Amino acid sequence: QQQVKQSPQSLIVQKGGISIINCAYENTAFDYFPWYQQFPGKGPALLIAIRPDVSEKKEGRFTISFNKSAKQFSLHIMDSQPGDSATYFCAASSGGRRALTFGSGTRLQVQP
Amino acid sequence: GAGVSQSPSNKVTEKGKDVELRCDPISGHTALYWYRQSLGQGLEFLIYFQGNSAPDKSGLPSDRFSAERTGGSVSTLTIQRTQQEDSAVYLCASSSSPDSLPYEQYFGPGTRLTVT
């Protein structure tokens, strides 16, 4: 019930292309869905987040699409750049504690 | 401003020894979280502190793990009688608003623990 499933496990995209990472959840109590970016040897960095009362949120080249009925959300990276090469984690939380339940991660490689 | 800091950055210890990991949250953040990142288990929640409330220890994997937070700021995660399966990166995060928007959590760089 607490699990967040993420796909694909790895992704290779050409520079300038669109990177798409998908996540699905089961727990309908989740009401906050952030995406984190992690570079090797660093902690996860908050990239963008969404709440289920909106279907899309865009910040620069990063967009979250949210489908409440399907219990799915995705991250789109437009005009992908080699500097975007990192591991991306989706996550979800609920309630007062707000502990994050993470997806398994997607390793993105953007080829120049 | 300064972010979340953790020390040490790397720790190698022998099986059976105790270790202490330290976290300094962002100043003014009342909520503090510990997570563990390992190859087999991914990123998993361990423990949560909020103000003066009793900590939420529901994610601790065994009674060998404990944590405390002094003065509502610095936190120490202690692992007693370390085992090889404890090898992982231990991440600390803090938040200014765990129970109201925007719920953002900011992570430190982590402590890489290797148990030999």
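Preceding block: the structure.
Residues numbered from 1 in each chain as written. Chains lettered and ligands numbered in written order. Predicted model: local features only at pLDDT ≥ 70, side-chain atom pairs only at ≥ 80, totals over all residues. Heavy atoms only, no water.

S.K.: Sorry if this is basic, but what is going on with the overall build of chain B here?
M.R.: Per the secondary structure count, chain B includes 0 helices and 10 strands. Its C-alpha atoms give chain B principal-axis dimensions of about 40 × 30 × 25 Å. Relative to its 116 residues, chain B shows a buried fraction of 47%. Across chain B, every contact between residues at least 6 apart in sequence was considered, and the portion connecting residues at least 24 apart equals 55%. (Helix = DSSP H or I, 4+ residues; strand = E, 2+ residues; numbered from the N terminus. Buried < 20%, exposed > 50% of the residue type's maximum accessible area, 1.4 Å probe, protein only. Contact = heavy atoms within 4.5 Å.)

S.K.: How should I be thinking about the layout of surface pockets in this particular structure?
M.R.: Any space left empty among the atoms is revealed by the rolling of a water-sized probe across them. The calculated volume of the largest pocket comes to roughly 920 Å³. Ranked by residue count, the leading element in the lining of the largest pocket is strand β10 (residues 111–115) of chain B, at 4 residues. Here the lining of the largest pocket is built from residues that sort into 11 nonpolar, 18 polar and 3 charged. A volume near 240 Å³ is recorded for the second largest pocket. In this structure, the second largest pocket is lined by 10 residues; those nearest its centre are Leu100 and Thr101 of chain A together with Leu43, Glu44 and Phe45 of chain B. Elements with a contribution of two residues or more to the lining of the second largest pocket: β10 (101–102) of chain A together with β5 (42–50) of chain B. It is β5 of chain B that provides the largest number of residues to the lining of the second largest pocket, a total of 3 residues. (1 Å grid on protein atoms, 1.4 Å probe; cavity = no way out; pocket = protein on both sides within 12 Å on 5 of 7 lines; lining within 4 Å. Points joined across faces, edges and corners; volume = space filled by probe spheres on them. Nonpolar A, V, L, I, M, F, W, Y, C, P; charged D, E, K, R; others polar.)

S.K.: Would you mind going over the side chain of histidine 29 of chain B with me for this structure?
M.R.: Residues and elements named next belong to chain B. With respect to the secondary-structure elements, histidine 29 resides in the loop between β3 (19–24) and β4 (31–38). Overall, the relative accessible area of 12% leaves histidine 29 in the buried class. Leave out the neighbours within four places in its chain, and histidine 29 touches Arg69, Gly72, Ser94, Ser95, Ser96 and Tyr106.

S.K.: Sorry, what's going on with the sheet that holds strand β1 (residues 4–7) of chain A here?
M.R.: Through backbone hydrogen bonds, the strands of a sheet pair up, either in parallel or in antiparallel fashion. Residues and elements named next belong to chain A. Reading across from one edge, β1-β3-β8-β7-β6 is the order of the 5 strands in this open sheet, with antiparallel pairing throughout. The open sheet terminates on both sides in strands that have one partner only, identified here as β1 and β6 (56–59). Direction aside, neighbouring strands of the sheet carry axes that sit 15° apart on average. Sheet analysis places β1 next to strand β3 (residues 19–25), joined by 4 bridges and oriented antiparallel. Of the residues in β3, the one forming a bridge with lysine 5 is alanine 24. (Pairing = 2+ DSSP bridges. Axes fitted to C-alpha atoms, helices over the stretch in contact; angles between N-to-C directions.)

S.K.: How should I be thinking about the interface of chain B and chain A in this particular structure?
M.R.: Interfaces are often sized by the accessible area lost when the parts come together. Between chain B and chain A, the residue contacts involve 19 residues of the former and 17 residues of the latter. Together chain B and chain A conceal approximately 1500 Å² of surface at their shared face, both sides included; 59% is due to carbon and sulfur atoms. Contact with chain A buries surface across chain B, with Leu43, Tyr103 and Phe107 of chain B losing the most and accounting together for 36% of the total. Counting across the chain B and chain A interface gives 0 salt bridges. Across the contact surface, chain B and chain A share 5 residue pairs in polar contact (both at pLDDT 80 or more). Where the side of chain B that touches chain A is concerned, the elements lending two or more residues are β4 and β5 of chain B. Classifying every residue of the side of chain B that touches chain A gives 12 nonpolar, 4 polar and 3 charged. (Buried area = accessible area lost by both parts, 1.4 Å probe. Salt bridge = Lys/Arg side-chain N within 4 Å of Asp/Glu carboxyl O. Polar contact = N/O pair within 3.5 Å; in protein donor to acceptor, adjacent residues only side chain to side chain.)

S.K.: What is the right way to look at the state of the cysteines in this model?
M.R.: Disulfides are covalent bonds that link the sulfur atoms of two cysteine residues. All told, the structure shown has 2 disulfides over all chains when counted by the stated rule. Between the sulfur atoms of cysteine 23 of chain A and its disulfide partner cysteine 90 of chain A the distance amounts to 1.9 Å. As the torsion about the S-S bond is roughly -95°, the cysteine 23 of chain A-cysteine 90 of chain A disulfide counts as left-handed. Remark: cysteine 90 of chain A occurs in strand β9 (residues 86–92) and cysteine 23 of chain A occurs in strand β3; sequence separation between them is 67 residues. Summarising the burial analysis for this pair, cysteine 23 of chain A and cysteine 90 of chain A share the class buried. Covalent S-S linkage joins cysteine 23 of chain B and cysteine 92 of chain B, the inter-sulfur distance amounting to 1.9 Å. Measuring handedness by torsion sign, the sulfur bridge of cysteine 23 of chain B and cysteine 92 of chain B sits at about -65° and is left-handed. Placement of the pair is cysteine 23 of chain B in strand β3 and cysteine 92 of chain B in strand β8 (residues 88–95), with a sequence separation of 69 residues. (Disulfide = S-S within 2.5 Å.)

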